Amino acid sequence: MEPIIRTENLTIRFGGHTAVSHVNFEMPPRHLKSIIGPNGAGKTTFFNLLSGELKPTEGDVFFKGESMAPLSAVARTRKGLGRSFQITNVFPNLTVLENVRLAVQSKEKIRYQMIRHFIHYKQLIEEAEKLIALVLLDGKEHAIASQLSHGEKRKLEIAMLLALDTEVLLL
Ligand SMILES: Nc1ncnc2c1ncn2[C@@H]1O[C@H](COP(=O)(O)OP(=O)(O)OP(=O)(O)O)[C@@H](O)[C@H]1O
Ligand SMILES: [Mg+2]
């Protein structure tokens, strides 16, 4: 099966220090993989290279066969390569439903307008509710994001990433 994500010779050096060295990694679709290693092994740096937060010194990342080298982190997220940032993308004072609905809305590129027909707004809410159920947060729709437990916050974040049609979740 064609890998959904692949790295080729992925390398980054910080001054004289090689943090990630010639990594060839393949991830088939519909799989889970964990990156493990001791402190300072380069796990976070490797993730930042996949998501586009860091640019490699050598090598490249391919998402569905396409070179990600020219693409920023935001552009990669739009393509479906999404990275969770442990809650920093969540609006703490909004509810679970409002956060997910905004993520759905941002994908659909439909700005909320006072005069827009209510039925459309209702579709956004229904889509958000489906995602909330999918991550097992149903019953918490009206909870304020900042008051969720740590685990619930991570679920909310996954729902928001899925709302953007994310195909690879970097957790
Ligand atoms: N921006 C940077 N500038 C210089 N060195 C860096 C930078 N980022 C990471 N490093 C170094 O690269 C190496 C890998 O760091 P990294 O944070 O990726 O490790 P890690 O596997 O995520 O570790 P931990 O388990 O502690 O989270 C370390 O030696 C670290 O000091
Ligand atoms: Mg780390």
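Rules and cut-offs
Residues numbered from 1 in each chain as written. Chains lettered and ligands numbered in written order. Predicted model: local features only at pLDDT ≥ 70, side-chain atom pairs only at ≥ 80, totals over all residues. Heavy atoms only, no water. Near = heavy atom within 4 Å. Polar contact = N/O pair within 3.5 Å; in protein donor to acceptor, adjacent residues only side chain to side chain. Areas by Shrake-Rupley, 256 points an atom, 1.4 Å probe, with all protein chains shown as cover. Helix = DSSP H or I, 4+ residues; strand = E, 2+ residues; numbered from the N terminus. Nonpolar A, V, L, I, M, F, W, Y, C, P; charged D, E, K, R; others polar. Contact = heavy atoms within 4.5 Å. Salt bridge = Lys/Arg side-chain N within 4 Å of Asp/Glu carboxyl O. Domains from an automatic or database assignment. Buried area = accessible area lost by both parts, 1.4 Å probe.

### Some remarks on the site of ligand 1
The full set of residues close to ligand 1 is Phe14, His17, Ala19, Pro38, Asn39, Gly40, Ala41, Gly42, Lys43, Thr44 and Thr45. Note that an oxygen atom of ligand 1 is positioned 2.7 Å from one of the side-chain N or O atoms of Lys43. Within the side chain of Thr44, an N or O atom sits 2.8 Å from an oxygen atom of ligand 1. Within the complex, the protein chains bury 55% of what would otherwise be the 640 Å² of accessible surface of ligand 1. Those elements that provide at least two residues to the shell around ligand 1 are β2 (17-27) and α1 (43-51). Grouping the amino acids of the shell around ligand 1 by side-chain chemistry returns four nonpolar, six polar and one charged.

### Digging into the environment of Lys155
By secondary structure assignment, the location of Lys155 is in helix α5 (residues 150-163). A C-alpha to C-alpha distance of 9.4 Å links Lys155 and Leu134, two positions 21 residues apart in sequence. Non-local contacts of Lys155, meaning those with residues more than four positions away in its chain, are made with Val135, Leu136 and Leu137.

### Let's talk about the pattern of salt bridges
Pairing of side chains with opposite charge becomes possible as their charged atoms draw close. Applying the stated criterion across every chain yields a total of six salt bridges. As a salt-bridge pair, Glu8 and Arg6 come within 2.8 Å of each other at their nearest N and O atoms. Its salt-bridge partner being Glu58, residue Arg13 comes within 2.8 Å of it at the nearest N-O pair. Here Arg13, found in strand β1 (residues 5-14), pairs with Glu58, found in strand β3 (residues 58-63); they are 45 residues apart in sequence, far enough to count as distant.

### Some points on the domain arrangement of the protein chain
As far as domains go, the protein chain holds domain 1 (5-83) and domain 2 (96-166). Domain 1 puts four residues into the contact, and the matching count from domain 2 is four residues. Both sides together, the interface formed by domain 1 and domain 2 hides about 310 Å², and carbon and sulfur atoms give 67% of it. Among the residues domain 1 hides against domain 2, the three largest losses belong to Thr77, Gly80 and Gly82. Together they make up 74% of the total. Applying the counting criterion to the domain 1 and domain 2 interface returns zero salt bridges. Remark: the boundary between domain 1 and domain 2 carries zero residue pairs in polar contact (both at pLDDT 80 or more).

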